[in-house]
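# Overview (structure and organization)
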Amino acid sequence: MTKTKIKKSIPRRPFVAGNWKMHRTASDTKILIEDIVQRVQKVATVDMVVCPPFTSLPAAAETLGRHSILALGAQNMHQTKEGAYTGEISGPMLRELGVRYVILGHSERRQYFSETDASVAVKAEAAVGYHLRPIVCVGETLAQREAGETNQVVETQIRGSLAHFPAAHLDELVIAYEPVWAIGTGKVATPKQANEVHHRIRKLLVTLFGEAGSSIRVIYGGSVKPDNAAELMAEADIDGALVGGASLDARSFFDIIEAARPVRASEND
Ligand code: PEP
């Protein structure tokens, strides 16, 4: 892997999460987690999260142990504490397994399971009530990008998805900008394309939440791989990555985490 580490001052702690989607059984999870944990032992400057399927969460938690530097995330959550919602999983159920983060509004959930900005807003507000940190996903389709609607689409999604978000919990929020056309396609946004949108998101967050908006992490997702991660994360407004496919390979996931690690001055001198 080519490491093009570029020095920049990073006021926000880098954040890298792996979205395993519907991959890995519980027993496969143990093997992958053990491999990742071994590699990331010495990484102290990046927040690292893995989001396996619900059924693998207990195995992941057990393998990680209580004080792991790798946090556990879920890929979705129902907003209600409990009730007659067949097939759903609640925040307290996730918390009891040691889950700390939850991905909300991923484009696959918006596309295949009819999630909307309004439903994401309800879940995001509920998540913090259950002490789960939301990773709220937004991003335009190819048709929307080609029609020049990217900024408008992303702004609408953020305003809608954070409509009820409590100001007191802003430091727990992570936004993932994931252009739909780049997810699982191998077509990655150029660092400039991605950073332009991240910059707009940052300005919007400050407009919505004042100074607190400047400390919310905004991470990029969409075919992030070891060979493009460093360039993406060298951009001023990209604070990390939400990684799909490449997070299923411990070496690739570790290389992406390494690319997100802030460069110490001495490393570049
Ligand atoms: C994702 O699942 O959020 C994602 C970005 O996937 P991939 O990295 O495979 O494009």
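See above for the structure.
Presented here is a report on the structure given in the accompanying data block. (Residues numbered from 1 in each chain as written. Predicted model: local features only at pLDDT ≥ 70, side-chain atom pairs only at ≥ 80, totals over all residues. Heavy atoms only, no water.)

Now for the packing of helix 1 (residues 26–40) against helix 10 (residues 250–260). The N-to-C vectors of helix 1 and helix 10 enclose an angle of 35°; their axes lie 9 Å apart at closest approach. In this structure, the crossing between helix 1 and helix 10 has a hand that is right-handed. On the side of helix 1, the interface is formed by Leu32, Asp35, Ile36, Arg39 and Val40, while helix 10 contributes Ala250, Arg251, Phe253, Phe254 and Ile257. Along the lines of polarity and charge, the residues of the contact of helix 1 with helix 10 split into seven nonpolar, no polar and three charged. (Axes fitted to C-alpha atoms, helices over the stretch in contact; angles between N-to-C directions. Helix = DSSP H or I, 4+ residues; strand = E, 2+ residues; numbered from the N terminus. Left-handed = near helix turned anticlockwise from the far one by under 90°. Contact = heavy atoms within 4.5 Å. Nonpolar A, V, L, I, M, F, W, Y, C, P; charged D, E, K, R; others polar.)

The local shell around the ligand holds 14 residues, among which Lys21, Glu178, Gly184, Ser223 and Gly244 are the closest. Note that an oxygen atom of the ligand is positioned 2.7 Å from one of the backbone N or O atoms of Ser223. Residue Gly245 places a main-chain N or O atom 2.9 Å away from an oxygen atom belonging to the ligand. In the complex, the protein chains occlude 97% of the 290 Å² of accessible area that the ligand would expose alone. (Near = heavy atom within 4 Å. Polar contact = N/O pair within 3.5 Å; in protein donor to acceptor, adjacent residues only side chain to side chain. Areas by Shrake-Rupley, 256 points an atom, 1.4 Å probe, with all protein chains shown as cover.)

To continue, consider the pattern of salt bridges. Here the structure, examined in full by the defined rule, presents 15 salt bridges. With a shortest N-O distance of 2.5 Å, Asp117 and Arg110 are connected by a salt bridge. Here Asp117 falls in the buried class, since its relative accessible area comes to 19%. The class for Arg110 is buried, based on a relative accessible area of 16%. We note a salt bridge from Glu196 to Lys192, for which the minimum N-O separation is 3.1 Å. Taken as a pair, Glu196 and Lys192 lie in helix 8 (residues 191–209) at a separation of four residues, close to a single helical turn. Where salt bridges share partners, they join Arg12, Arg202 and Asp239 into one cluster. (Salt bridge = Lys/Arg side-chain N within 4 Å of Asp/Glu carboxyl O. Buried < 20%, exposed > 50% of the residue type's maximum accessible area, 1.4 Å probe, protein only.)

Helix 10 packs onto helix 9 (residues 226–233) with a crossing angle of 20° between their chain directions and a minimal axis gap of 8 Å. By the angle between their directions, the pair helix 9 and helix 10 is classed as roughly parallel. Here the hand of the crossing between helix 9 and helix 10 comes out right-handed. Judged by residue contacts, Pro226, Ala229, Ala230 and Met233 of helix 9 engage Ser252, Asp255, Ile256, Ala259 and Ala260 from helix 10. (Parallel < 35°, antiparallel > 145°, perpendicular 65-115°, else oblique.)

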